[in-house]
Amino acid sequence: MRITAYDNAWRKAWDDFVLASKNGTFLFMRGYMEYHADRFTDSSLIVTGEGDRIVALLPANRTGDTIVSHGGLTYGGFVIDTRMSGADMLGVFSLLREYLSDRGVKRMIYKPVPSIYHRQPSDEDLYALFRNDARLAVRNLSTTINLRDPIPSSRLMKRAVKRQRRYGIKVDEVEVADSFWSIVVEDRRVRHNVRPVHTASELNYLKSLFPENIRFYTATSGDKVLGGAVIYLDRGVIHLQYAACTPEGKDMYATDVIYHELINERLAGNNYFDFGISNEDAGRYLNEGMVRHKEEFGGRSIIYDAYEVFF
């Protein structure tokens, strides 16, 4: 095996491998990764075997003497197919250590793909991390509903239906984020004093590239937009990327109505509904009120990890 730095000549082969992989998602497609190329120095790697057959991909960026897989994505790690074995992955990591050390890299931040996105068991990298003395640096708790075997939810689903009928709340899929994005921005400012990672124009652009994977929904009552949600959909996972509503929408539980509609109607038939994390400070703080609300829908915990490896 050998490692090659990604360049544009590999673009089609890279995307084809992601689509055929057992743990890759559309976030690893070059069109998605490169929308913020001005913010991250791409250092993605390709592992090839005999006949230049791709064995694994590593979406990555470099900052100083640190390589991150990947700083601009929720998760990263090696993208692999069903031919990857546990022993093979140990070989890949050994090769990676040598390659990065020779190029002055002293540290790697590695964010494996969460298990809910695996089409087949894909934890070969977690074992290799253990064998390479990786340190768990971040552990974020996300709340996920198993739609294939759901836990009966509490009164929240029933309340959502009642509020939908009482206030005439309508859930619609829309093509651009503009009609509700200011609500998301204001919600992040008031609740967390931060701005969303994306802008409306970036999301609209990404949706134009991945229209089946990125979906926008609004909740309205009459002519008022009460709230909206950005959904990332891939590998049977409905991931709630953003959701927020106006103060009036909060009183009506408008986002709960959106969740109910997506889970039971518009996106029914998928495997998981992932609400996302409820943490700050690299997982050391848990917003217990937030996670409790998600759990009342029948969600339970999965983890989004990041590991640190020194060379």
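Here the residue numbering is sequential within each chain, running from 1 through the sequence in written order. In view of the model being predicted, local features appear only for residues whose pLDDT reaches at least 70, and side-chain atom pairs are presented and counted only at 80 or more, with totals across whole chains, interfaces and linings using the full set of residues. Calculation of side-chain values draws on the structure's entire complement of heavy atoms; hydrogens and water are dropped beforehand.

Participant: Tell me what's going on with the sheet that holds strand E6 (residues 79–80), and back it up with residues and numbers.
Facilitator: Sheets are built from strands paired through backbone hydrogen bonds, the pairs being either parallel or antiparallel. The strand order E1-E2-E3-E6 describes an open sheet built from 4 strands, whose pairing is antiparallel. Sheet topology places strand E1 (2–5) and E6 at the edges, where each strand pairs with a single neighbour. By definition in these notes, contact holds between two residues if any of their heavy atoms fall within 4.5 Å. Note on geometry: axes are C-alpha line fits, over the in-contact stretch for helices, and angles between N-to-C directions span 0 to 180 degrees. Under the DSSP-based scheme used, a helix requires at least four consecutive residues in state H or I and a strand at least two consecutive residues in state E, with every element numbered from the N terminus. Sheet strands in contact with helix H1 (residues 11–20) are strand E2 (45–48), strand E3 (54–58) and E6, and its direction is about 95° off that of E3. The pairing criterion for strands is at least two bridges between them, as found by DSSP.

Participant: Describe helix H3 (residues 86–102), naming the residues involved and giving the relevant values.
Facilitator: By definition here, a helix of n residues has an expected span of 1.5 Å times n minus one. Between its first and last C-alpha atoms H3 spans 25 Å; for 17 residues at 1.5 Å apiece the expected length is 24 Å, and the two agree. The classification of residues rests on relative accessible area computed with a 1.4 Å probe and restricted to protein chains. Under 20% of the type maximum is buried, over 50% is exposed, and intermediate values are partly exposed. Within H3 the residues assigned to the buried category are Met89, Val92, Phe93, Leu96, Tyr99 and Leu100. Axial view of H3: buried residues confined to an arc of 130°, hence all on one face. Within H3, the exposed residues directed more than 90 degrees away from the buried face are Ala87 and Asp102. Positive phi shows up at Gly104, right after H3, with a value of about 80°. Note: the arc covers the axis-to-C-beta directions of the helix.

Participant: Which residues make up the pairing of strand E12 (residues 237–245), and what values do they have?
Facilitator: With respect to burial, E12 is a largely interior element, 9 of its 9 residues being buried. Strand direction decides the pairing type here: strand E11 (residues 224–234) and E12, joined by 8 bridges, are antiparallel. Bridging across to E12, Val230 finds its partner in Tyr242. Hairpin connection between E11 and E12: a loop of 2 residues separates the two successive antiparallel strands, and Arg235 in this loop has a positive phi of roughly 55°. With 3 bridges connecting them, E12 and strand E13 (residues 272–277) associate as parallel partners. When the sheet's bridge partners are listed, His239 is paired in E13 with Asp274.

Participant: Explain the layout of surface pockets residue by residue, including any values.
Facilitator: Roughly 180 Å³ of volume is contained in the second largest pocket. Definitions used for this entry: grid spacing 1 Å over protein atoms alone; cavity, a set of points where a 1.4 Å probe fits but cannot get out; pocket, an open set with protein on both sides within 12 Å along at least 5 of 7 lines; lining residue, one with an atom within 4 Å of a point. Taken together, Pro112, Val113, Pro114, Ser115, His118, Asp123, Leu126, Arg139, Ile302, Ile303, Asp305 and Tyr307 make up the lining of the second largest pocket. The element that contributes the greatest number of residues to the lining of the second largest pocket is strand E16 (residues 300–310), accounting for 4 residues. Residues are grouped as follows: nonpolar covers Ala, Val, Leu, Ile, Met, Phe, Trp, Tyr, Cys and Pro; charged covers Asp, Glu, Lys and Arg; every other residue, Gly included, is treated as polar. Per-class residue counts for the lining of the second largest pocket are 7 nonpolar, 2 polar and 3 charged. Grid points are joined across faces, edges and corners, and a volume is the space filled by probe spheres set on the points.

Participant: How would you sum up unusual backbone geometry? Please name residues and give values.
Facilitator: Residues Ser69 and His70 are joined by a peptide bond in cis, for which omega reads -5°. Even without a glycine there, the phi angle at Asp133 is positive, about 60°. By relative accessible area, which is 68% here, Asp133 ends up exposed. Here the phi dihedral of Asp281 falls at roughly 55°; this positive angle occurs in a residue that is not glycine. Within the secondary structure layout, Asp281 lies in the loop between strand E14 (279–280) and strand E15 (285–286). Assessed through its relative accessible area of 55%, Asp281 is described here as exposed.

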